[in-house]
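# Observations on the three-dimensional arrangement
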Amino acid sequence: MNENTYSEKRKPKNPIKFLLHLNEEQKQAKSQILNSKISVLKGQAGSGKSLVAAQVALDMLFTHQVEKIILTRPAVTSGEDIGFLPGSKDDKLAPYTAAIYDNMYRLYNKEKIDKELQNGTIEVIPLAFMRGRNFTNYCIVVDEAQNITHRQMELLLGRMCNGSKMILCGDTAQIDLKDKKQSGFHFISNNFKEVPGFSVIQLRTNHRDPIVEKILEIYKEHSD
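One numbering rule holds for all chains: residues counted from 1, following each sequence as written. Totals for whole chains, interfaces and linings use every residue, but because this is a predicted model, local features are given only for residues with pLDDT of at least 70 and side-chain atom pairs only at 80 or more, for both listing and counting. As a rule here, side-chain values come from all non-hydrogen atoms in the structure, and water together with hydrogens is ignored.

### Focus on the layout of surface pockets
Stated formally: Here a cavity denotes grid points, spaced 1 Å and computed from the protein atoms alone, that fit a 1.4 Å probe unable to get out, and a pocket denotes an open set having protein on both sides within 12 Å along at least 5 of 7 lines; residues with an atom within 4 Å of a point are the lining. Grid points are joined across faces, edges and corners, and a volume is the space filled by probe spheres set on the points. In this text, helices come from DSSP runs of H or I with a minimum length of four residues, and strands from runs of E with a minimum of two, each type numbered from the N-terminal end. Put simply, Ala, Val, Leu, Ile, Met, Phe, Trp, Tyr, Cys and Pro go in the nonpolar bin, Asp, Glu, Lys and Arg in the charged bin, and everything else, Gly too, in the polar bin.
Counted as a void, the largest pocket has a volume near 890 Å³. Taken together, 24 residues make up the lining of the largest pocket; nearest its centre are Asp171, Thr172, Ala173, Gln174 and Lys220. If you tally residues by element for the lining of the largest pocket, the top one is helix 8 (residues 210–221), at five residues. For the lining of the largest pocket, the residue count by class is six nonpolar, nine polar and nine charged.

Structure below.
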């Protein structure tokens, strides 16, 4: 299906009613994402990065602005290696995609989300399987993007085709790569700002318990 087919489809008469409402900062971030092709959504833990990305993706899918949502994230853990995981591809990816699913379930009816997953209109793709894929009329949500290496980031960005939008969510304070210099997230945030259709957005409001913000500030002060 080409880009024009999707842009010409009749949109719902009324806005999509989500279970959670975005605050003003998040609404501004959404507006900027919708006006960009590739967006880097930055913010510390609890700033609502993944929630905003999930809301934008679902809105675009339900209003027929895109054909499909692609969810991906690097298979990098914080701390211990969880080792080999049995089961299907979805079973193996479950520990990595649980946070994205949780946000979608918070935003919209769980049965509807599960149906979209079953129909393949919401698809989870391991970052390692991106080579050879081409995304046209898709919304690609990349979670934990700070753990993507330079080489992986170049491969990922090269998958974009007409009519697609990509949202990369990350926080440079949460890089779990053994060599933090290998992260491609900081590089694109600083070097792609002048690329037409590319935007960097910073979320600053904490949506978790206020104690979290104080704790993170102390860790930041004492980080190497």
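### Let's talk about helix 5 (residues 110–119)
Threshold: What qualifies as a polar contact is a pair of N or O atoms within 3.5 Å, subject to a donor-acceptor requirement within protein and to the restriction that residues adjacent in sequence count only when both atoms come from side chains.
Regarding helix 5, its N-cap is Asn109, as a side-chain oxygen of that residue lies 2.9 Å from the backbone nitrogen of Glu111 further along. Looking one or two places after helix 5, you find Gly120, whose phi comes out positive at around 85°.

### So, the packing of aromatic side chains
Condition: Note on aromatic pairs: the rings of Phe, Tyr and Trp (six-membered ring only in Trp) are paired at centre separations within 6.5 Å, and the planes decide the class, stacked below 30 degrees, edge-to-face beyond 60, tilted for the rest. Here's how the labels work: a residue is buried when its accessible area is under 20% of the maximum for its type, exposed when over 50%, partly exposed in between, all with a 1.4 Å probe on protein chains only. Charge-over-ring contacts are defined here by two conditions on Lys NZ or Arg CZ: a distance within 6 Å of the ring centre and an angle within 35 degrees of the ring normal.
Taken as a whole and judged by the stated rule, the model has six aromatic pairs. When the centroid spacing of 4.8 Å and the interplanar angle of 45° are considered together, the rings of Phe62 and Tyr108 count as tilted. Here Phe62 is found in helix 3 (residues 49–62), whereas its partner Tyr108 is found in the loop between helix 4 (89–107) and helix 5, with 46 residues between them in sequence. Classification of Tyr108 by relative accessible area gives partly exposed; the value is 21%. On the basis of an interplanar angle of 40° and a centroid distance of 6.5 Å, the ring pair of Tyr101 and Tyr105 is categorised as tilted. Here the residue Tyr101 and the residue Tyr105 both occupy positions in helix 4, the gap between them amounting to four residues, near one helical turn. Since its relative accessible area comes to 19%, Tyr101 is described here as buried. Over the ring of Tyr105 we find Lys110, and its NZ or CZ is 4.8 Å from the ring centre.

### Structural notes on the sheet that holds strand 3 (residues 122–124)
Using the following cut-off: In this analysis, strands are considered paired if DSSP registers two or more bridges between them. For every element, the axis is a line fit to its C-alpha atoms; helices are fit only across the contacting stretch, and the angle between N-to-C directions ranges from 0 to 180 degrees. Note on contacts: a residue pair qualifies if any of its non-hydrogen atoms lie within 4.5 Å across the two residues.
Spatially, 3-2-4-5-1-6 is the arrangement adopted by the six strands of the open sheet, whose pairing is parallel. Of all the strands in the sheet, the pair left with one neighbour each is strand 3 and strand 6 (198–202). Each strand of the sheet is rotated relative to its neighbour by a mean of 15°, with strand direction disregarded. In terms of strand pairing, strand 1 (residues 38–42) meets strand 6 through five bridges, oriented parallel. The residue bridging Val40 from the neighbouring strand is Val200, located in strand 6. Sitting on the sheet, helix 2 (residues 24–34) is in contact with strand 1, strand 5 (165–170) and strand 6, with an inclination near 170° to strand 6.

### Looking at the pattern of salt bridges
For clarity, the cut-off: The salt bridge definition used is simple: a Lys or Arg side-chain nitrogen within 4 Å of an Asp or Glu carboxyl oxygen.
All told, the structure shown has six salt bridges when counted by the stated rule. For Lys27, the salt bridge is made with Glu24, and the minimal N-O distance between the two is 3.6 Å. One end of the pair, Lys27, and the other, Glu24, are both in helix 2, three residues apart, so they sit about a helical turn from each other. The class of Glu24 is exposed, set by a relative accessible area of 51%. Here Lys68 ties to Glu123 by a salt bridge, and the two come within 3.1 Å at their closest N and O atoms. One end of the pair, Lys68, is in strand 2 (residues 68–72); the other, Glu123, is in strand 3, with 55 residues separating them in the sequence. Here the two residues Lys68 and Glu123 agree in accessibility, since each one is buried. Each of Lys68, Glu123 and Arg133 takes part in salt bridges that share partners, so that together they form one network.

In short, geometric facts, not functional conclusions.
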